[in-house]
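Spelled out, the chains give:
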Amino acid sequence: MSVVKINVLTVPAEMRAELEKRFSDRAGMVESADGFEWFELLRPVEGTERYLVYTRWRSEEDFQKWQQGEAFRRGHAQAAAQAGENQGQEPGQGHGHGHGHGQGPAASGSEVWTFEVAESTGPKA
Ligand code: HEM
């Protein structure tokens, strides 16, 4: 049964465009991670101001392996360096997705939600 891991980002209005740019520049390494199934950056339109970084994985172990692995570290190292914060600290100890020329983190807060896929379907073939 697949698991869904969502990084929930609180993004100040003036940083929304910067966050989306940073994701469009993303490392693109998650695609090759073992057990990776899907990624989407969801932009809030109604009902919330928070962005959702949606990922789906074959299992919890596959997600943990990615989050503790090289692809996550390299995908996030840029962020820590570019955000100009946390010299030497791992991502996640600051908030925000970001490499934007010293603009600091784009998000002011983040939390992770975990779901199991209880039911799913796609369009009829
Ligand atoms: C709170 C801690 C986190 C921070 C500060 C953070 C920061 C970032 C940044 C800055 C990027 C853009 C990559 C780049 O700049 O090249 C990124 C990419 C990404 N983040 Fe996070 N992230 C965090 C936690 C997570 C978590 C828990 C997930 C999963 C639910 C996640 C999923 C992703 C994915 C899928 C990408 C694209 C990676 C790729 O393209 O290979 N992040 N993150």
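Because the structure is predicted, anything quoted here is derived from the model rather than measured.

(A) Structural view of the packing of aromatic side chains. Per the stated rule, a full pass over the model turns up six aromatic pairs. Summarising the aromatic geometry, the rings of tryptophan 57 and phenylalanine 63 are spaced 5.8 Å apart at their centres and angled 70° between planes, so their arrangement reads as edge-to-face. Here tryptophan 57 falls in the buried class, since its relative accessible area comes to 0%. An aromatic cluster is defined as three or more aromatic residues linked by ring pairs; in this entry it consists of Phe36, Trp57, Phe63, Trp66 and Phe72.

(B) Structural detail: the sheet that holds strand S2 (residues 36-42). Read from one edge to the other, the open sheet built from four strands follows the order S2-S3-S1-S4, with strand pairing classed as antiparallel. A single partner strand is all that each edge strand has here, and the edge strands are S2 and strand S4 (109-116). Strand-to-strand twist across the sheet, computed as the mean angle between neighbouring axes with direction ignored, equals 15°. Note: strand S1 (residues 3-10) against strand S3 (residues 51-57), seven bridges, orientation antiparallel. Residue pairing for S3: valine 4 is matched across the bridge by arginine 56.

(C) Inspection of the nonpolar core at higher detail. Grouped together as the largest cluster of nonpolar side chains are nine residues: Leu9, Val11, Met15, Leu19, Phe23, Tyr51, Val53, Ala106 and Ala107. Within the residue set of this core, elements represented by two or more residues are helix H1 (16-24) and S3. Judged by nonpolar contacts, the second largest core, of eight residues, contains Val3, Trp57, Trp66 and Phe72.

(D) Highlighting the environment of glutamate 116. With respect to the secondary-structure elements, glutamate 116 resides in strand S4. For glutamate 116, a relative accessible area of 58% gives the class exposed. C-alpha separation for the pair glutamate 116 and serine 2, spaced 114 residues apart in sequence, amounts to 6.2 Å.

(E) Structural detail: the pattern of salt bridges. Enumeration over the complete set of coordinates arrives at 13 salt bridges. Note that glutamate 20 and arginine 43 form a salt bridge whose closest N and O atoms lie 2.7 Å from each other. On the criterion of sequence distance, the pair formed by glutamate 20 in helix H1 and arginine 43 in the loop between S2 and S3 is long-range, its members being 23 residues apart. For glutamate 20, a relative accessible area of 23% gives the class partly exposed.

Conventions used here
- Residues numbered from 1 in each chain as written.
- Predicted model: local features only at pLDDT ≥ 70, side-chain atom pairs only at ≥ 80, totals over all residues.
- Heavy atoms only, no water.
- Phe/Tyr/Trp six-rings, centres within 6.5 Å; stacked < 30°, edge-to-face > 60°.
- Buried < 20%, exposed > 50% of the residue type's maximum accessible area, 1.4 Å probe, protein only.
- Pairing = 2+ DSSP bridges.
- Helix = DSSP H or I, 4+ residues; strand = E, 2+ residues; numbered from the N terminus.
- Axes fitted to C-alpha atoms, helices over the stretch in contact; angles between N-to-C directions.
- Core = buried A, V, L, I, M, F, W, Y, C linked by side-chain atoms within 4.5 Å.
- Salt bridge = Lys/Arg side-chain N within 4 Å of Asp/Glu carboxyl O.

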